[in-house]
Structures are given as C-alpha cells and as structure tokens.
Amino acid sequence: MDPLSALRDFTIRGELDKIIRVNDDFLFGTDYSFPCSVETAYRSKQGNLYTLETLVFYIQNHHLKHTDYMHNSLSQRIPAVTFTDRKPLLDYLTGKVSFSDSIVWNPPKFPEEFRPDPSGFDPDSSKSKGNTNDVVLDKIGDTHFDIKDKEIDFADYMGVIRSIEKPLKDREGILECKNRDFYSVLVTSTKREEEKQRFESHQRKDGLVAKSRLMGAEERGLGLSYGEEIMGYDSKPKMHLKGSKLGEGVPIILVPSAFQTLITIYNVKEFLEDGVFVPTDVKVKQMKGARPECVTVQKKFSRDRDRVVSAYEVRDKPSALKPEDWDRVVAVFVLGKEWQFKDWPFKDHMEIFNKIIGFFMRFEDDSVESAKIVKQWNVKIISISKNKRHQDRAAALEVWDRLEEFVRGRSHL
C-alpha cells in the first residue's frame, strides 16, 4: 500500500495515534513503515507533491487555525499544506470524498514498505524449499494471492490501475485555453444585447400605439376585438357578453388593496414589466404624489421574440368597476381571504375562477398554512424567494404565460 492510501486508511479508522515517528521513518502500527521524506501521490495546486511528513503533521493538526498551523509547521521545520489545499485534502483523508483531482498516481518511487507476517511465514524461504503446492505468490503492485488459505487481499488495485495511466491534460491546463481568442465572443454577445434592447424598445413603442388606439376607439364608442390585429376601427356597436367572451377594450387585472399581500398596485408594474419584486412598503416610500387609481402594464420580456405586446389595466378597487367593466376582468391576484370577493357579481368561487384566472403570490419558505384556503380554489400559486431577486423574472414569466393562454381561450369563445 502506498503512503497516501495508508494514511487515509488510518485516518478513516481513527487510528492516527498508532502512527509513530521513529528517527526518519513513520511506523503505521505493525502494518507499514515509510520514510518521512517520501513523496505521496497528492499534488498541491502549486505543482509539487506533498511528502508523507507534511500530510501526517497536517492531519494531526487540522483542527488548528491556518495561522496557528503555519506557525507550528515553521517551528517544526516541516513544509506546510497551503490554505487552498486544506479543505479538499481533509475531505479526501477523512473519507468524505473517494477521489480527488489532485491525486497523481505514478509508479511508486519509495522503497517497498515493511509488512511483517503475523504467522511468521516467509515467501522466499518457501520458494527456496520448492513448496509450490502450498503457496503461489503473484505480486502485481501490492496484491497477494494465497491459494493455500484461498484468501485474496486486494490492497489497492485502483492505485495499480492509475499508476499506469498517462494523464493527457489536467483541469488547470484546460482552463489556461492556450491559443484561444475570446474577443469574437465578446463582440457577438455585445451585438446580441444591443439587438435585444432595440427590439424591446420597438415593442414598447408598438404597445403604446396599440393602447392609444384602443382608448381612442372607446372614446368614440367603437369596439375593437381584443387580440386581433388593429387595421382600422370596427363599425359594430359595443357588446357586453356576460361571463363568456372577453369584453371590448383594455383587459383588467385586479390586485388586493391590502398591504399584507405581496403584489399590490404599488409594485405590480415593476414585477410584471421588469420581472423584479419590490416590497410594497419600499415603493410607498419612493412614490411621490397621490396613490394611483389605475396602472397600465405591458409585457416587456418574453421567451418568444415574435410576441405581440398587449396593454393591461391594473386596479385594486373592484367596487369602482361598472357592470360592463367586469367583462374585461381577466385576472386577479388573490389575498387568500373570503372577504376579498364580497359584492363581486358571481355566485361562488367556482364561477369566479372559471371566468377569471387567479394567482396567489407567496414566498417559497412560507408555511403551508398560508396557502391552505387558496389550495381549495382553482388558483395558480406562484412562489418567489425573499432574497434571490434574479429568480423573480421566471415567476413573472410564468404569470404572463398563463395569463396570455387564458386570454386566448376567452377570446375564441
């Protein structure tokens, strides 16, 4: 067995106290003996192989702070394990990992270790007597076959295999990327980002034009079918189909007026347009002027570049809606309380969420009790992180995807 494997074996078994230094050798109990200065198979990130003396001193003092450990190693004149190697080396020696990229298995340069036979049997003396029927010794690396006792002791056959491997390139060599030029990658990514920003700018402009046409058509008493391409004004009179087809005009999204919900009229624009959740109390402090009665939102980002930008009105006072406005309500962010739907023109929750898609926003680490009532409704639960704001975009996209799918279904009724 090589020194590194022997040290790892004794560390895992908790027998480090059996490793004793005698002059210039380390005795591993009565099993092995290695020179203190022998190089092991563990290579540091600086490129040199650690000696057995360095590894034994480190594993016996790994509990010390690195500064204390360095001070002790200097006083003992023993080369120290570098700070970057400490954690992976400790994980390997203690058995937390079975392999490390820092291990370089080469043919051993150390003299063959001393392994006393407790039975007193000497293979050489047996061979000299010609007793080949009792013992056949086949040595491959450190593997012994004893046919008489029919016991096979595989000491470290993986080490034998790795000792004849020829490493072509290590991880550091791959990361060096010699003869590679990444300037073209930078140019391509920059160009793609510019195209994306230009595309989104055009889409925002198209969305505002679409909204102005819709609002102008309403003022003139003309109806425009939502979701159809705007080529002119429809001469048909406005129709309000109760509870079936989507009403004419800009669709409406309802949000709770209570502050204990995550999405309110104060922060809905940042969440749906920019894909970023900003707490309501923060937005209230930043806001200047009166409280908004209505907020217009548009979808500014999408997985599909051929998307059509649509405008939505966001309101938080259902009592202010006219009877004909309810045909334009397509979505609601629910609070999870029954009183939110008081005085709504529907008979029960089943009818509400068949005609309006519902969303319930929650933090992903909130208790299950917070969504206990909501789970009984036909509502999509959207979870966001309290701290990881880069994940908000995916949650906003999920809201948009489900909302657009729902609107398309109502538009074709």
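By convention here, each chain's residues receive numbers from 1 onward along its written sequence. For this predicted model, a pLDDT threshold of at least 70 governs which residues receive local features, and a threshold of 80 or more governs which side-chain atom pairs are given and counted, while totals over whole chains, interfaces and linings are taken from all residues. The side-chain numbers reported here are obtained from all heavy atoms of the structure, hydrogens and water having been left aside.

## So, the overall build of the protein
For step 1, the next point in the chain: Strands are runs of DSSP state E lasting at least 2 residues, helices are runs of H or I lasting at least 4, and numbering of each runs from the N terminus. When its secondary structure is counted, the protein shows 12 helices and 13 strands.
For step 2, the next point in the chain: Only protein chains enter the area calculation, which uses a 1.4 Å probe; residues under 20% of their type maximum are buried, those over 50% are exposed, and those in between are partly exposed. Counting every position in the protein, which comprises 413 residues, the buried fraction comes to 39%.
For step 3, the next point in the chain: We call two residues in contact when some of their heavy atoms are within 4.5 Å. Here the contacts in the protein between residues at least 6 apart in sequence split such that 57% fall between residues at least 24 apart.
For step 4, the next point in the chain: Working definition of accessibility: Shrake-Rupley area with a 1.4 Å probe, residue cover restricted to the visible protein chains. Within the structure as shown, the protein displays about 25700 Å² of accessible surface, and the carbon and sulfur contribution to it stands at 52%.

## Description of the sheet that holds strand β2 (residues 25-28)
For step 1, the next point in the chain: When DSSP finds two or more bridges between two strands, those strands count as paired. Pairing within the open sheet is antiparallel, and its three strands lie in the order β1-β2-β3. Edge positions in the open sheet fall to β1 (19-22) and β3 (32-35), since each of these has one partner strand only. The mean angle between the axes of side-by-side strands here comes to 25 degrees, regardless of whether they run parallel or antiparallel.
For step 2, the next point in the chain: Relative to β3, helix α1 (residues 3-12) is tilted by about 125 degrees, and along the sheet it contacts β1, β2 and β3.
For step 3, the next point in the chain: This element, helix α2 (residues 52-60), spans β1, β2 and β3 of the sheet and lies at about 55 degrees to β2. Where helices are involved, their axes are fitted lines through C-alpha atoms of the stretch in contact, as for all axes, and angles between N-to-C directions lie from 0 to 180°.

## Looking at the nonpolar core
For step 1, the next point in the chain: We define a nonpolar core as any set of buried Ala, Val, Leu, Ile, Met, Phe, Trp, Tyr and Cys residues linked to one another through side-chain atoms lying within 4.5 Å. Grouped together as the largest cluster of nonpolar side chains are 30 residues, with contacts concentrated most on Ile253, Phe271 and Leu403.
For step 2, the next point in the chain: Listing elements by their share of this core, those giving two or more residues are α9 (268-274), β9 (295-298), β10 (311-315), β11 (329-333), β12 (357-363), β13 (379-384) and α12 (392-411).
For step 3, the next point in the chain: With seven residues, the single largest contributor to this core is α12.
For step 4, the next point in the chain: Every residue in contact with Phe271, bar those within four places of it in the chain, is listed here: Ile263, Val276, Phe277, Met361, Asp392, Ala395, Ala396 and Val399.
For step 5, the next point in the chain: Counting residues in hydrophobic clusters, the runner-up holds 29 residues, among them Ile19, Val56, Tyr58 and Ile78.

## A few points about the sheet that holds β11
For step 1, the next point in the chain: Ordered in space as β9-β10-β8-β11-β12-β13, the six strands form an open sheet in which the pairing is mixed. Two strands close off the open sheet at either side, each with one partner strand: β9 and β13. Neighbour-to-neighbour, the strand axes of the sheet open up by a mean angle of 30 degrees, direction not taken into account.

## A closer look at the pairing of β11
For step 1, the next point in the chain: Among the five residues of β11, five are classified as buried, and the element is accordingly described as predominantly covered.
For step 2, the next point in the chain: Pairing between strand β8 (residues 252-254) and β11: three bridges, direction parallel. Bridging across to β11, Leu254 finds its partner in Val332.
For step 3, the next point in the chain: Bridge count between β11 and β12: three bridges; the pairing is parallel. Note on β12: the bridge partner recorded for Val332 is Gly358.

## Quick notes on the side chain of Asn267
For step 1, the next point in the chain: Mapped onto the secondary structure, Asn267 falls in the loop between β8 and α9.
For step 2, the next point in the chain: Here a polar contact is taken to be a pair of N or O atoms separated by no more than 3.5 Å, where protein atoms must pair a possible hydrogen donor with a possible acceptor and residues adjacent in sequence count only if both atoms sit in side chains. One polar contact links Asn267 to Thr280, side chain to side chain, over a distance of 3.5 Å.
For step 3, the next point in the chain: Asn267 has contacts with Leu262, Phe277, Val278, Pro279, Thr280 and Lys283, leaving out every residue within four places of it along the chain.

## Notes on the packing of α2 against helix α4 (residues 83-93)
For step 1, the next point in the chain: The contact between α2 and α4 brings their axes to 11 Å, and the two run at 85 degrees. Between α2 and α4, the angle is such that the two are roughly perpendicular. Contacts between α2 and α4 involve Leu55, Tyr58 and Ile59 from the former and Arg86, Leu89, Leu90 and Leu93 from the latter.
For step 2, the next point in the chain: When residues are grouped by polarity, Ala, Val, Leu, Ile, Met, Phe, Trp, Tyr, Cys and Pro land in nonpolar, Asp, Glu, Lys and Arg in charged, and all others, Gly among them, in polar. Split into classes, the residues belonging to the contact of α2 with α4 amount to six nonpolar, no polar and one charged. These descriptions rest on fixed angle ranges, namely under 35 degrees for roughly parallel, over 145 for roughly antiparallel, 65 to 115 for roughly perpendicular, and the rest for oblique.

## A look at the pairing of strand β4 (residues 39-43)
For step 1, the next point in the chain: Bridge count for β4 against strand β5 (residues 49-51) is two bridges, and the pairing is antiparallel. Bridged to Arg43 within β5 is Leu49.
For step 2, the next point in the chain: Turn length for the β4-β5 hairpin, with the two strands adjacent in sequence and antiparallel, is five residues, and the turn residue Gly47 shows positive phi of about 110 degrees.

## Points about the packing of α2 against helix α3 (residues 66-76)
For step 1, the next point in the chain: Where α2 contacts α3, the two axes come as close as 11 Å, and the packing angle between them is 140 degrees. As judged from the angle between their axes, α2 and α3 are oblique. The way α2 lies across α3 gives a crossing that is right-handed. Contacts between α2 and α3 involve Thr54, Phe57 and Tyr58 from the first element and Tyr69, Asn72, Ser73 and Gln76 from the second.
For step 2, the next point in the chain: By residue class, the composition of the contact of α2 with α3 is three nonpolar, four polar and no charged. Two helices crossing with the near one rotated counterclockwise from the far one by less than a right angle form a left-handed crossing, whereas a clockwise rotation gives a right-handed crossing.

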